[in-house]
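If you want the building blocks of each chain, they are given just below.
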Amino acid sequence: MKITGICGSPRKGNSEWMLSKLLETAAKSGAETELLLLREMDIKPCHGCLACEAGGSERKGICVIKDDMAGAFPKLLAADIIVLATPVYFSMLSGLLKNFMDRTCPIWTKLQGKKAAGLAAAEEGIGQTIQNLKTYASLCKIYWAGSVTTLAKKPGDAAKNKSLERRLERLARKLAL
């Protein structure tokens, strides 16, 4: 079982802590895990050129943009489960994570049949964040396995929440089955 965690936070904070805790528990349950920190990657916005979807083209499935997504594609394809973690901005997912999801256009049909889960940390409310992630999973025909959300105002607040930690551990064990 291989779980790849994608952290869409621009800083080391609650979303990253949540994802790290989940991956740590999943690893203890026997899963192979990997964490991708989008803030440390050079991922340019999608051009919307659709060259990667050109039917019959030798470019089908290949993005014309040369950046760190080229290294992320094989990790996503090798994963059995993808966990998407994000802080909440304006009741939606972060721009970093949305940009990453947009850039999966060359491989989105190859993600079919995988499992996904979502994690979100917000200052005041989760809004549509988890629904944003579920919609992405549905479009890619990825089975939605669950989510954990929390309210956390400052970096480090999530780590103080023992109930949150237990919910993350439960989801991790469910994913690692």
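For the structure itself, look to the data block above.
Residues numbered from 1 in each chain as written. Predicted model: local features only at pLDDT ≥ 70, side-chain atom pairs only at ≥ 80, totals over all residues. Heavy atoms only, no water.

**Q** Looking at this structure, I do not really get helix α2 (residues 69–78). What am I missing?
**A** Because an α-helix packs 3.6 residues into every turn, residues spaced three or four apart end up facing the same way. Listed in full, the buried residues belonging to α2 are Met69, Ala72, Phe73 and Leu76. Each buried residue of α2 sits inside an arc of 110° when the element is viewed along its axis, so together they form one side. (Buried < 20%, exposed > 50% of the residue type's maximum accessible area, 1.4 Å probe, protein only. Helix = DSSP H or I, 4+ residues; strand = E, 2+ residues; numbered from the N terminus. Arc of directions from axis to C-beta.)

**Q** Please clarify how the pairing of strand β4 (residues 115–122) should be interpreted in this entry.
**A** For a regular strand, side chains alternate in direction, first toward one face of the sheet and then toward the other. Among the eight residues of β4, seven are classified as buried, and the element is accordingly described as predominantly covered. With eight bridges connecting them, β4 and strand β5 (residues 143–151) associate as parallel partners. Following the sheet pairing, Ala117 is matched in β5 by Gly146. Read as a crossover between parallel neighbours, the route from β4 over helix α4 (residues 129–139) to β5 is right-handed. (Pairing = 2+ DSSP bridges. Right-handed = clockwise from strand over helix to strand, strands pointing away.)

**Q** I keep staring at the sheet that holds strand β2 (residues 32–37) and nothing clicks. Help me out?
**A** Strands belonging to one sheet form pairs held by backbone hydrogen bonds; the direction of such a pair is parallel or antiparallel. The five strands are arranged β2-β1-β3-β4-β5 in an open sheet whose pairing can be described as parallel. At either margin of the open sheet sits one strand with a lone partner, and together these are β2 and β5. Put simply, the sheet's adjacent strands are angled 15° from each other on average, direction ignored. As defined by bridge partners, strand β1 (residues 2–7) adjoins strand β3 (residues 81–87) across five bridges and the pair is classed as parallel. (Axes fitted to C-alpha atoms, helices over the stretch in contact; angles between N-to-C directions.)

**Q** Mind showing me how you'd approach the side chain of Thr86 here?
**A** Assignment of secondary structure puts Thr86 in strand β3. Those residues in contact with Thr86 that lie beyond four places of it in its chain are Gly8, Ser15, Leu93, Ser94, Leu97, Leu119, Ala120, Ala121 and Thr129. (Contact = heavy atoms within 4.5 Å.)

**Q** I keep staring at the pattern of salt bridges and nothing clicks. Help me out?
**A** Side chains that differ in charge, positive against negative, can pair when their charged atoms come close. Taken as a whole and judged by the stated rule, the model has 14 salt bridges. Measuring nitrogen to oxygen at the nearest pair gives 2.6 Å for the salt bridge that ties Arg39 to Glu16. In this pair, Arg39 sits in the loop between β2 and α2 while Glu16 sits in helix α1 (residues 14–28), placing the two residues 23 residues apart along the sequence. A relative accessible area of 6% places Glu16 in the buried class. Among the ionic contacts, a cluster of salt bridges with common partners joins Lys21, Glu24, Lys28, Lys162 and Glu165. (Salt bridge = Lys/Arg side-chain N within 4 Å of Asp/Glu carboxyl O.)

**Q** What am I meant to see in the nonpolar core here?
**A** General note: in soluble globular proteins, nonpolar side chains tend to be found buried as a group. Core analysis: the biggest nonpolar cluster contains 32 residues, and Ile6, Leu84, Leu97, Phe100, Leu111 and Leu133 have the highest contact counts within it. Those elements giving two or more residues to this core turn out to be α2, β3, α3 (95–102), β4 and α4. Not counting chain neighbours up to four residues away, the residues in contact with Leu84 comprise Ile6, Leu97, Met101, Ala117, Gly118, Leu119, Leu133 and Tyr136. Counting residues in hydrophobic clusters, the runner-up holds 25 residues, among them Met18, Leu119, Ala172 and Ala176. (Core = buried A, V, L, I, M, F, W, Y, C linked by side-chain atoms within 4.5 Å.)

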